[in-house]
Amino acid sequence: MSPFDLPEGDPFGPHNLPYGVFSLRDSGQRTVGVRLGDHVLDAGAAARALGSPHAGLLTRPTLNPLLAAGRTTWSEVRGSLTEWVTDPSLRETLAPLLHPLSSVALHLPFEVADYVDFYASEHHARNAGAIFRPDAADTLLPNWKHLPIGYHGRAGTVVVSGTDIVRPSGQRKAPTAPAPVFGPSARLDIEAEVGFVVGTPSQQGRPVPLSGFREHVFGLCLLNDWSARDIQAWEYVPLGPFLAKSFATSVSAWITPLEALDAARVSPPERTHPLLPYLDDTSGEPAGYDLRISVAVNGHVVSEPPFSTMYWTAAQQLAHMTVNGASLRTGDLYGSGTVSGPAEHQRGCLLELTWNGRDPLELPDGKRTYLEDGDVVTLSAWAPGPDGSRVGLGEVSGRVLAG
Ligand code: CA
């Protein structure tokens, strides 16, 4: 069967076409690829072969030049790619440029500029509040419904799916212990998130409004915000997470352009508090996304968090992170925050799934409170596409190694 003839309902059909960076296993040369079914199309070579004016953006070792080119170019490139993979007269030209996924190595698809992580799920925030502040009158802190809470993370330790994660060491202190101890984290966790990738930069001093989201953001990926809960609990007061999260953040190898996700746009949950004008999204186009995430530990599904339940949208997060005049750079990455739905099987981290270790998960290979050495965590997702199709978002996977 030709790689162009995809099975009915393939989530990586011509309606999807996510971008990545690959190299053939026998050459070190990295270049931009587009996923079609279980193959990757060498997009740069295709552009050169077909005389596209955008070949220069696609024959690169990262997506950054394409990201920087802006929305008009993104649409043109996507339009061309869609035409190429669906035009039967081009099959002969393109067939040698399609490589089975099993024959390529996938790399970090873009050079990460700044990395920010948010905290946008009300269910996650309330569960975390109930676990860490059991005596508080309200499980949400007073600012939560007024602004998207976030912190600056570490761009240099963002890694692509498939990269091993070394268990971090650090200080931890049990509430009753007289002094902190040092050693490998005993409470290594994951956070199932969605990452948004900035393309077009902005000028310092000029906030990006809610309406600027689709001008500046190129697409999204899956993101696992590995978190050492014991290190976090001791260090986070008063400035927030630091070494508990900066050791590694994993992203999927495929960046799905926003244009592939138009059919997945939904309204976010009803706003329970009036918002300041720069965050007020009660009018305008729906800015939420219906993404169905699945979390597996060693191949066993432990959770299915629905992204549509996120209170703060990616557009609001972008508006908020620039409202003080901070500028965007091409390659900026911002995480949504842990995705947790209202139901127990929709919680996006082990902290919530096991209630901080109180209720272990029963896996086929034994009980889990937090991750053990050798565990492989895989997040995968899909979104509704046009005409009842599915848009595959790929996966982000990582194995825990002893620290
Ligand atoms: Ca996080």
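Values in this document were obtained by computation on a predicted structure and should not be read as measured data.

### Focus on the coordination of the calcium ion
Next up, step 1: In the first shell of the calcium ion, the protein supplies Asp117 (OD), Glu191 (OE), Glu193 (OE) and Asp225 (OD), at 2.2 to 2.3 Å from the metal.
Next up, step 2: Along the chain, the residues donating to the calcium ion fall in the pattern D-x73-E-x1-E-x31-D. In this pair, aspartate 117 sits in strand 6 (residues 115–118) while glutamate 193 sits in strand 13 (residues 192–198), placing the two residues 76 residues apart along the sequence.

### Some words on the nonpolar core
General note: in soluble globular proteins, nonpolar side chains tend to be found buried as a group.
Next up, step 1: With 61 residues, the main nonpolar core has Phe196, Phe213, Leu291, Phe307, Leu318 and Tyr334 as its most contacted residues.
Next up, step 2: In this structure, phenylalanine 196 is in contact with Phe213, Val217, Gly219, Leu220, Phe307, Ala314, Asp332, Leu333 and Tyr334, ignoring residues within four places of it in sequence.
Next up, step 3: If you look at the next biggest cluster of nonpolar residues, it comprises 39 residues, including Phe4, Val21, Leu67 and Trp84.

### Remarks on the environment of tryptophan 382
Next up, step 1: Positionally, tryptophan 382 belongs in strand 25 (residues 376–384).
Next up, step 2: Between the C-alpha atoms of tryptophan 382 and leucine 106, which are 276 residues apart in sequence, the distance is 20 Å.
Next up, step 3: Not counting the four nearest positions on each side in its chain, tryptophan 382 is found in contact with Asp290, Leu291, Arg292, Arg390, Val391, Gly392 and Leu393.

### Some points on the environment of valine 85
Next up, step 1: Among the structural elements, valine 85 can be located in helix 4 (residues 71–86).
Next up, step 2: Separated by 44 residues in sequence, valine 85 and leucine 41 have C-alpha atoms that sit 9.0 Å apart.

### Looking at unusual backbone geometry
Next up, step 1: Here the bond from valine 237 into proline 238 is cis, since omega is 0 degrees, no more than 30 degrees from zero.
Next up, step 2: Tracing the sequence through the fold places proline 238 in the loop between helix 8 (229–235) and strand 16 (249–251).
Next up, step 3: Even without a glycine there, the phi angle at asparagine 298 is positive, about 50 degrees.
Next up, step 4: Counting through the fold element by element, asparagine 298 comes out in the loop between strand 20 (292–297) and strand 21 (300–303).
Next up, step 5: In this structure, asparagine 356 takes a positive phi of about 60 degrees despite not being glycine.

Quick notes on the rules
Residues numbered from 1 in each chain as written. Predicted model: local features only at pLDDT ≥ 70, side-chain atom pairs only at ≥ 80, totals over all residues. Heavy atoms only, no water. Donors = N, O, S within 2.8 Å, 3.2 Å for Na, K, Ca; no water. Helix = DSSP H or I, 4+ residues; strand = E, 2+ residues; numbered from the N terminus. Core = buried A, V, L, I, M, F, W, Y, C linked by side-chain atoms within 4.5 Å. Buried < 20%, exposed > 50% of the residue type's maximum accessible area, 1.4 Å probe, protein only. Contact = heavy atoms within 4.5 Å.

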